[in-house]
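What the coordinates show
Listed below, chain by chain, are the residues.
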Amino acid sequence: MPHDPPLLSVEGLKVHFPVHAGVIRRRQVGAVKAVDGVSFTVRPGETLGLVGESGCGKSTTGLAVLRMQAASAGRIVFDGTDITHSSRAALRPFRRRMQMIYQDPFGALDPRMTVADIIAEPMIVHNIGTSRAERRDRAQDLLAMVGLRPDMATRYVHEFSGGQRQRIGIARALSMQPDLLICDEPVSALDVSIQAQIVNLFESLQDRFGLAYLFIAHDLAVVRHMSDRIAVMYLGKIVEIAGRDALYARPLHPYSQALLASIAIPDPELEASRPQISVTGEVPGALNPPSGCRFHPRCPRAAAVCAREEPVLRDLGEQAVACHLV
Ligand code: SF4
């Protein structure tokens, strides 16, 4: 897998939202830099976890990859094709191959439609299946695939529990035979016992179909379980990206260290050798973020250079880190 060409390549992605002021003459006075120069790859069949506190730009990154949010700069390359500025028509085949799984499946599923119609709808849009009967049969197969009974196809969304709704959302996404699922906090709204079932479902579907996941979450235990590699985001930037085991055993960036300090790892020796660090204060706003390293107002290791110069993400072999002191 490490030598496979990437399925998704994101290069220098920026998503800035202009901020205007003035009643008569509106003028731009700044920009919220929600995503500010993010680069990563996802290989076929791989899970890349994207973690960080709420508001760090991880969900906006997912939306931009799907072209549901316009990029201000950078490139999104899917299976070798630059889709950053593709027209709607040119984007269509790629849209089919990249599907989104939402945190709140209830909000994403039409309560007036039967489950069969919810699952069949994208098939109609993308001309998959030739007849209503064929699409209904496929919807029933997909329900079985995600652990629901095929006869549930005639029911409505409000008749299902949160975990079952998430399964329906996954079945709908699978109806497109995607290569990549962008999962945005897909289990955080579910009870802990149900979370484990949905995580297991994601894993078995990955084994079965070779799916790649961009797995966006703030729950570090879930991300650890799911991911092959993990990118840590802070205020619109990736500050560290590493293999799962390397990151959890030896986080190098002070923010990663603080984030992971709260997670217990099963190996007591590793646990004892892992740097323990804590940070205080709120995450600053993405409008006018701190100069230099954005983490410097909260970083216990900050030096003079940190407020002056922005650290670049440097490749250190197993890990890439953006910190002047690493
Ligand atoms: Fe802390 Fe400086 Fe490293 Fe930023 S660059 S994480 S402020 S030590």
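Here the structure is a predicted model, which is why all the values come from computation and not from measurement.

Once that is clear, we can look at the nonpolar core. Counting residues in hydrophobic clusters, the biggest one holds 58 residues, and the most contacted among them are Ile170 and Phe202. The dominant element in this core, judged by the number of residues it contributes, is helix 4 (residues 115-125), at six residues. Excluding anything up to four places from it in sequence, Phe202 contacts Ile101, Ile170, Leu181, Cys183, Pro186, Tyr213, Phe215 and Met226.

This part covers the packing of helix 6 (residues 162-174) against helix 7 (residues 192-209). Following both chains from N to C, one finds helix 6 and helix 7 inclined at 15 degrees, their axes separated by 10 Å at the closest point. In this view, helix 6 runs roughly parallel relative to helix 7, as classed from their interaxial angle. In this structure, helix 6 meets helix 7 at a crossing whose hand is right-handed. Note on element contacts: helix 7 touches helix 6 through Ile194, Gln197, Ile198, Leu201, Phe202 and Leu205, opposite Gly163, Gln166, Arg167, Ile170 and Leu174. Each residue belonging to the contact of helix 6 with helix 7 can be placed in one class, and the counts come to seven nonpolar, three polar and one charged.

Another aspect to go through is the environment of Ala322. Residue position: Ala322 is located in the segment after strand 12 (319-321). Considered as a pair, Ala322 and Leu50 are 272 residues apart in the sequence and their alpha carbons are 16 Å apart. Beyond its immediate stretch of four places on either side in the chain, Ala322 contacts Ile238, Val239, His253, Pro311, Val312 and Leu313.

Next up on the list: the sheet that holds strand 3 (residues 47-51). Read across the open sheet, the eight strands follow the order 6-7-8-3-9-10-12-11; overall the sheet is mixed. Lying at the two open borders of the sheet, with one neighbouring strand each, are strand 6 (98-101) and strand 11 (314-315). Examined bridge by bridge, strand 10 (residues 237-243) and strand 12 share three bridges and lie antiparallel to one another. Following the sheet pairing, Ile241 is matched in strand 12 by Ala320. Of the strands in this sheet, strand 6 and strand 7 (180-184) touch helix 6, which is tilted by about 170 degrees from strand 6. Docked against the sheet, helix 7 engages strand 3, strand 6, strand 7 and strand 8 (212-216), running at close to 155 degrees with respect to strand 8.

Parameters and conventions
Residues numbered from 1 in each chain as written. Predicted model: local features only at pLDDT ≥ 70, side-chain atom pairs only at ≥ 80, totals over all residues. Heavy atoms only, no water. Core = buried A, V, L, I, M, F, W, Y, C linked by side-chain atoms within 4.5 Å. Buried < 20%, exposed > 50% of the residue type's maximum accessible area, 1.4 Å probe, protein only. Helix = DSSP H or I, 4+ residues; strand = E, 2+ residues; numbered from the N terminus. Contact = heavy atoms within 4.5 Å. Axes fitted to C-alpha atoms, helices over the stretch in contact; angles between N-to-C directions. Parallel < 35°, antiparallel > 145°, perpendicular 65-115°, else oblique. Left-handed = near helix turned anticlockwise from the far one by under 90°. Nonpolar A, V, L, I, M, F, W, Y, C, P; charged D, E, K, R; others polar. Pairing = 2+ DSSP bridges.

Any functional reading would require information that these geometric values do not contain.
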